[in-house]
Amino acid sequence: MIEHISFAPLEGITVAAFRHVHRDVFGGADTYYTPFLATNQHHHFKHRDEREYLPYDPQLIPQVLTANAVDFIWAAREIASAGYEEVNLNLGCPSPTVVTKGKGSGMLADPERLNAFFEEVFAAEDLPRISVKTRIGYNDASESAALGEVLGRFPFCEVIIHPRVRTDLYKGTPNLEAFRAMAAQLTCPVCYNGDICTPEDAARVSKELPGVSRFMIGRGLVADPALAREIKGGDPATVEEMQTYLDAMWDAYREANFAEKDILFKMKELWFYMGSRYPDREDALARIRKSKDPDEYRDAVRRLL
Ligand SMILES: Cc1cc2nc3c(=O)[nH]c(=O)nc-3n(C[C@H](O)[C@H](O)[C@H](O)COP(=O)(O)O)c2cc1C
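Here we summarise the structure given alongside this text. Owing to the predicted nature of the structure, the values given are computational and were not obtained by experimental measurement. (Residues numbered from 1 in each chain as written. Predicted model: local features only at pLDDT ≥ 70, side-chain atom pairs only at ≥ 80, totals over all residues. Heavy atoms only, no water.)

## Regarding the packing of aromatic side chains
Two aromatic rings are characterised by how far apart their centres lie and by the angle between their planes. Under the definition given, this model contains 21 aromatic pairs. Plain terms: the ring middles of Phe26 and Tyr245 are 5.1 Å apart, the flat faces sit at 75 degrees to each other, and that makes the pair edge-to-face. Taken together, the positions of Phe26 in the loop between helix 1 (16-25) and strand 2 (31-33) and Tyr245 in helix 11 (residues 239-255) put the pair 219 residues apart, joining distant regions of the chain. By relative accessible area, Tyr245 is classed as buried at 0%. A centroid spacing of 5.7 Å and a plane angle of 75 degrees characterise the contact between Phe45 and Tyr53, whose relative ring orientation is edge-to-face. What makes Phe45 buried here is its relative accessible area of 4%. (Phe/Tyr/Trp six-rings, centres within 6.5 Å; stacked < 30°, edge-to-face > 60°. Helix = DSSP H or I, 4+ residues; strand = E, 2+ residues; numbered from the N terminus. Buried < 20%, exposed > 50% of the residue type's maximum accessible area, 1.4 Å probe, protein only.)

Put into structure tokens, the structure is as follows:
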């Protein structure tokens, strides 16, 4: 039984403007995450990152990317001082630029180092609750037992498991068996993440993972912004809602001071995902992709919807 749905962090997509519009027009997600906020040794977040979690938003969980315990402790305190009671650590990012620095899923390559990181973090005082978003291994799912053992030693408020290994990136079938095995090693609430694109996917995975009531959805919710609502028994998106959503999204990016050409790029990026809902409309989708200015874009969208 699915009781809690969160909108996964997607760097470059689920930025503040996007999250606010999604919540206002469709809702259905219980929590949202910031895309990862990278720390640095100077201990200040970039202005762009601060805008992701300020002002305080009770439905938001800020996510941090770092492999340095001192930097994480600083970031967690900084975020807590803005009112947040939970901070999430990224243990899943597979991007080479992140992994080569030992961050994101790079932290999964060495369970002993991971253990030392959390020993240091949990020895610190005055920290908010800590959750992690992890994969099941770096190279191979057989690594999940050692990782689960490490994670099982620490008092996380939640562990979100995306049951792929780093080398899978986002391809292949999520490994539900490895998810079950890792979840069994943990005592905290566990959340499932991966390839939920329809209410039927949610029902199927939920049946295969009895006892898991928390689901995180990323690309499926970008493709179908009403998906969380539908999974909870609500209605699919109407044409009018989609039009309102897209208009509000454009306006929100403009208010966030994005240049027009960047807004057009961002809207096309959303259509990269939303296009899957219109499989018979390749001509109309191509017109959106090729649009060169706001008028052409809006006209192409109106025709499609
Ligand atoms: C474009 C893109 C950006 C992502 N950015 C982040 C991120 O900032 N932090 C994170 O933990 N995961 C990130 N992810 C991973 C997603 O949160 C999620 O784990 C993954 O897409 C699988 O879930 P899904 O099948 O529901 O999309 C990203 C994925 C994609 C495709």
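## So, the pattern of salt bridges
By the definition in use, this model includes 15 salt bridges. The closest approach of N and O atoms between Arg23 and Asp57, which form a salt bridge, is 3.0 Å. With Arg23 in helix 1 and Asp57 in the loop between helix 2 (47-53) and strand 4 (60-61), the pair connects residues that are 34 residues apart, well separated along the chain. Arg23 gets classed as partly exposed once you look at its relative accessible area, which sits at 24%. (Salt bridge = Lys/Arg side-chain N within 4 Å of Asp/Glu carboxyl O.)

## Considerations on the packing of helix 3 (residues 69-81) against helix 5 (residues 111-123)
Contact geometry of helix 3 with helix 5 gives a least axis separation of 9 Å together with a crossing angle of 40 degrees. In terms of orientation, helix 3 lies oblique with respect to helix 5. Handedness of the crossing formed by helix 3 with helix 5: right-handed. Where helix 3 approaches helix 5, its residues Ala69, Val70, Phe72 and Ile73 are matched on the opposing element by Phe117, Glu120 and Val121. Within the contact of helix 3 with helix 5, the residues separate by chemical class into 6 nonpolar, no polar and 1 charged. (Axes fitted to C-alpha atoms, helices over the stretch in contact; angles between N-to-C directions. Parallel < 35°, antiparallel > 145°, perpendicular 65-115°, else oblique. Left-handed = near helix turned anticlockwise from the far one by under 90°. Contact = heavy atoms within 4.5 Å. Nonpolar A, V, L, I, M, F, W, Y, C, P; charged D, E, K, R; others polar.)

## Observations regarding helix 7 (residues 176-184)
Turn by turn, an α-helix covers 3.6 residues, leaving residues three or four places apart pointing in a common direction. Buried within helix 7 are the following residues: Leu176, Ala178, Phe179, Met182 and Ala183. Buried residues of helix 7, seen end-on, are gathered within an arc of 155 degrees and therefore sit on one face of the element. For helix 7, exposure combined with an orientation more than 90 degrees from the buried face picks out Glu177 and Ala184. Contact partners of the buried residues in helix 7: strand 7 (129-137), helix 6 (144-152), strand 8 (158-165), strand 9 (190-193) and helix 8 (199-208). (Arc of directions from axis to C-beta.)

Remember that the coordinates give geometry; whether it matters functionally is a separate question.
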